[in-house]
Each structure stands twice: as C-alpha cells, then as structure tokens.
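Listed here are the chains, written in short residue letters.
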Amino acid sequence: MLTLSKQTTPAGRRYVIRTFAFMAGYVAVMAATMGGAFDAIQGKPAAWALALTVAAPIAGQMWATLSFMRDSDEFVRAVTAKQFIVSAGVAMAAFSAWGFGESFAGAPHAEGWMIYPLFWAVFGLVSPFIRSSN
C-alpha cells in the first residue's frame, strides 16, 4: 500500500479518511474497555453487544481497503491485492503455528482477536517488498 500521508488520488484520500474514521471508533471503544467502562457487563449476554461493537470498525476497515482497491487503477489494485493476500497468508500461518504451539508445546494463550493487528503488522512489513503485480 502507498504511504498514507502521500495519497494523491481520490481513492487514496477516501481510504485515508475512512481508515482514520474506523480506527478512531475502534480506539475509542477499546480505550473505554481498558478503562473499565464495560466491566459490569463482562460475562453477561450484553457483552456480546460490546464484542460486536468492537468488531464493527474492523469490518469497516476491511470494507475501506476493498473499496480502495475497487476504486484504484488496475496496477494499484493488483499490487494491493497481492500485499493483502500475502499478509493474510503469513498472519494465518503464524497464528495457526502459535495455536499448535499452545496445543502441543505449552505456549501461552494468544487471544483470537490478535489476528487483526498481526495481519496489519505483517501488511506493513511485506508491503515495501511487494511493489509489482507479478
């Protein structure tokens, strides 16, 4: 993906705005959660509403990325798709390996939601190296 601060296309600018909007919501809910705002509902059915509220910006971010790809030219679309696919594969392989480590080798538990930040960390690491659609 191109640098966020140097987006010159309309698709790129929309992506940056959508990313910041969705991540602001995600950070706000997570900060409130870490601050104890939802401690009273932990373990109750209402906590599912919290789980879905936190997951909604994640789905929104995925939509923003896919919209960026849809609205970009075919080269940017192909490169971004390749970066996305490689990142997803690496993140899933790493998380699966860790899960097997939990099952077989006594590794400490990793929360399932960690796959999302892991995916974007991998995306940030692989993107500078994936610059062509070949």
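Note on numbering: residues in each chain are counted from 1, in written sequence order. In keeping with the model being predicted, local features are shown solely for residues with a pLDDT of at least 70 and side-chain atom pairs are shown and tallied solely at 80 or more, while totals for entire chains, interfaces and linings include all residues. Water and hydrogen atoms were dropped before computing side-chain values, which therefore reflect all heavy atoms in the structure.

- As annotated in an unreviewed UniProt entry, the protein carries the name Oxidoreductase and comes from Brevundimonas faecalis.

### Points about the environment of A46
Next up, step 1: For helices the rule is a DSSP run of H or I covering at least 4 residues; for strands it is a run of E covering at least 2, with both sets numbered from the N terminus onward. For A46, the location among the structural elements is in the loop between helix 1 (10-34) and helix 2 (47-71).
Next up, step 2: The class of A46 is partly exposed, set by a relative accessible area of 41%.
Next up, step 3: Spatially, the C-alpha atoms of A46 and A105 are 35 Å apart, while their sequence positions differ by 59 residues. Exposed residues in this analysis have more than 50% of their type's maximum accessible area, buried residues have under 20%, and partly exposed residues fall in between, with area computed by a 1.4 Å probe over protein chains only.

### Comments concerning the pattern of salt bridges
Next up, step 1: We define a salt bridge as a contact between a side-chain nitrogen of Lys or Arg and a carboxyl oxygen of Asp or Glu at a distance within 4 Å. Tallied over the full model, the rule gives 2 salt bridges.
Next up, step 2: Note that R14 and D71 form a salt bridge whose closest N and O atoms lie 3.4 Å from each other. Note that R14 is positioned in helix 1 and D71 in helix 2, a separation of 57 residues in sequence.
Next up, step 3: Given a relative accessible area of 33%, R14 falls into the partly exposed group.
Next up, step 4: Between D71 and R70 there is a salt bridge; the shortest N-O distance is 2.9 Å.
Next up, step 5: Since its relative accessible area comes to 51%, R70 is described here as exposed.
Next up, step 6: It is possible to trace a salt-bridge network through shared partners that takes in R14, R70 and D71.

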